[in-house]
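Here is what each chain is made of, one letter per residue.
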Amino acid sequence: MTSAPTPLPVRVVGIVRGRDINATGILALDHDAMVLEWPQAAAWRLALDGIEGLGIGAQGLTVYLRDHDVLELTGDDALRPFALAVMDRACRLPELTRGLRHFGATPHRAERGAAATIPTDRDVLQAAHDAWFGPLLAARRAVHGVSDPVRQVALMDAVALTEAMTGASAQIAQQLAPTDAAERRAIEAAIEDEARALFTALERLRVTGDLVRHGATDTRFADWRRWVSAVHGVFASADEAWTVVAELVREH
């Protein structure tokens, strides 16, 4: 996370909770809020998770809040980098695999069943694990450190991920039945059937991603938070589906 920018003098015009404002104050950034300090009144804390969107100009910043409240801030050239720092802090992706059972574990160490007693079976299970989680882990690496919501959506593209997960099913089926085309098709169909929740989650990721990419500036942060929820859904669904995929691998 970037360090907090230097507080800036700004002119603030707008409305918050039914109160008109037209005053000069000092704008600062706390770890979870934008702070407006007034000469003769208590400071206002605008929680980052309550900001619906930002309109960023060279010397102006429009802050869209919940309940249709809007603040227009004007200052000097330092206001734009300040706004970018706000976006960096507000739109940094949280950890996506915390609490999931299989993303961080490898079958060699974590799958202590029959497959762990036969090296060749272990290798097949490991290869299937890598194929299944590989596309999502690659997407997670791609967005690491990126805080622009539109860029995040582009790097974790739902259509590309859907194709990659379909390809992972085919790759696992090829590993399990390299010489039997009919068996490969049956295994691939079984995997995709067990992973229906994952593909439903990927479709939600596509829809919410389109909202981020093509939606209005005044709702971009809110749309981004819905997209993040969809990302979590994709990772959780893939993690849950792996339990059944691993059983299919062991059976073959």
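Residues numbered from 1 in each chain as written. Predicted model: local features only at pLDDT ≥ 70, side-chain atom pairs only at ≥ 80, totals over all residues. Heavy atoms only, no water.

**Here we look at the overall build of the chain**
For the chain, the helix and strand inventory stands at eight helices and seven strands. Counting only C-alpha atoms, the chain reaches 75 × 30 × 30 Å along its principal axes. Here the chain, with 252 residues, has 43% of them falling under the buried criterion. Partitioning the intrachain contacts of the chain with sequence separation of at least 6 by distance along the chain shows that 60% fall at a separation of at least 24. Approximately 12600 Å² of the chain is accessible, and the part contributed by carbon and sulfur atoms is 52%. (Helix = DSSP H or I, 4+ residues; strand = E, 2+ residues; numbered from the N terminus. Buried < 20%, exposed > 50% of the residue type's maximum accessible area, 1.4 Å probe, protein only. Contact = heavy atoms within 4.5 Å. Areas by Shrake-Rupley, 256 points an atom, 1.4 Å probe, with all protein chains shown as cover.)

**Topic: the side chain of Asp223**
Along the chain, Asp223 turns up in helix H8 (residues 220–251). Exposure remark for Asp223: the relative accessible area of 5% places this residue in the buried category. Within polar-contact distance, the side chain of Asp223 engages the side chain of Arg226 at 2.6 Å. In contact with Asp223, not counting residues within four places along its chain, are Leu211, Val212 and Gly215. (Polar contact = N/O pair within 3.5 Å; in protein donor to acceptor, adjacent residues only side chain to side chain.)

**As for the pattern of salt bridges**
The tally for this structure, following the rule as stated, stands at 12 salt bridges. Note that Arg225 is salt-bridged to Glu52, the shortest N-O span being 3.5 Å. In this pair, Arg225 sits in helix H8 while Glu52 sits in strand S5 (residues 51–56), placing the two residues 173 residues apart along the sequence. Using a relative accessible area of 24% as the deciding quantity, one classes Arg225 as partly exposed. (Salt bridge = Lys/Arg side-chain N within 4 Å of Asp/Glu carboxyl O.)

**Details of helix H6 (residues 181–194)**
For an α-helix the count is 3.6 residues per turn, leaving residues at separations of three or four pointing the same way. Counted at 1.5 Å a residue, the expected span for H6 with its 14 residues is 20 Å, and the 20 Å between its end C-alpha atoms agrees. One side-chain oxygen of the residue at the start of H6 lies 3.2 Å from the amide nitrogen of Ala182, identifying that residue as Asp180. (Expected span 1.5 Å × (residues − 1).)

**Quick notes on the packing of aromatic side chains**
A ring pair, where both rings are aromatic, is described by two values, the distance of the centres and the angle of the planes. Taken as a whole and judged by the stated rule, the model has two aromatic pairs. Between Phe133 and Trp242, the ring centres sit 5.7 Å apart and the planes meet at 55 degrees, which makes this aromatic pair tilted. Taken together, the positions of Phe133 in helix H3 (residues 119–143) and Trp242 in helix H8 put the pair 109 residues apart, joining distant regions of the chain. For Phe133, a relative accessible area of 1% puts it in the buried group. (Phe/Tyr/Trp six-rings, centres within 6.5 Å; stacked < 30°, edge-to-face > 60°.)

**Things to note about the environment of Asp32**
Among the structural elements, Asp32 can be located in the loop between strand S2 (19–29) and strand S3 (33–38). Taking the C-alpha atoms as reference points, Asp32 and Val86, 54 residues apart in sequence, are found 9.4 Å from one another. What Asp32 contacts, discounting residues up to four positions off in sequence, is Arg45, Ala47 and Leu48.

**Considering the nonpolar core**
Within the largest apolar cluster, 73 residues are counted, with the highest numbers of intra-cluster contacts made by Met34, Leu36, Leu71, Leu73, Trp132 and Trp227. Examining the composition of this core, we find that 15 residues originate from one element, H8, more than from any other. Filtering out sequence-adjacent residues up to four positions away, Trp132 remains in contact with Met165, Ala168, Ser169, Ile172, Ile191, Ala195, Leu198, Ala238, Ala241, Trp242 and Val245. (Core = buried A, V, L, I, M, F, W, Y, C linked by side-chain atoms within 4.5 Å.)

**Some thoughts on the sheet that holds strand S1 (residues 8–16)**
Spatially, S4-S3-S2-S1-S7-S6-S5 is the arrangement adopted by the seven strands of the open sheet, whose pairing is antiparallel. Edge positions in the sheet fall to strand S4 (41–47) and S5, since each has one partner strand and no second. Mean inter-strand twist for the sheet, computed between neighbouring axes without regard to direction, equals 30 degrees. Bridge count for S3 against S4 is five bridges, and the pairing is antiparallel. When the bridges of S4 are listed, Val35 appears paired with Arg45. With respect to the sheet, helix H1 (residues 79–90) is in contact with S1, S2, S3, S5, strand S6 (60–65) and strand S7 (70–74), its orientation differing from that of S2 by roughly 80 degrees. (Pairing = 2+ DSSP bridges. Axes fitted to C-alpha atoms, helices over the stretch in contact; angles between N-to-C directions.)

**Considering the packing of helix H5 (residues 158–176) against helix H7 (residues 196–214)**
Running from N to C, H5 and H7 cross one another at 160 degrees; their axes reach a closest spacing of 8 Å. Between H5 and H7, the crossing angle belongs to the class labelled roughly antiparallel. Between H5 and H7 lies a crossing whose hand is left-handed. For the pair H5 and H7, the contacting residues are Ala158, Val159, Leu161, Thr162, Met165 and Thr166 in the first and Leu198, Phe199, Leu202, Leu205 and Arg206 in the second. Among the residues making up the contact of H5 with H7, the classes are represented as eight nonpolar, two polar and one charged. (Parallel < 35°, antiparallel > 145°, perpendicular 65-115°, else oblique. Left-handed = near helix turned anticlockwise from the far one by under 90°. Nonpolar A, V, L, I, M, F, W, Y, C, P; charged D, E, K, R; others polar.)

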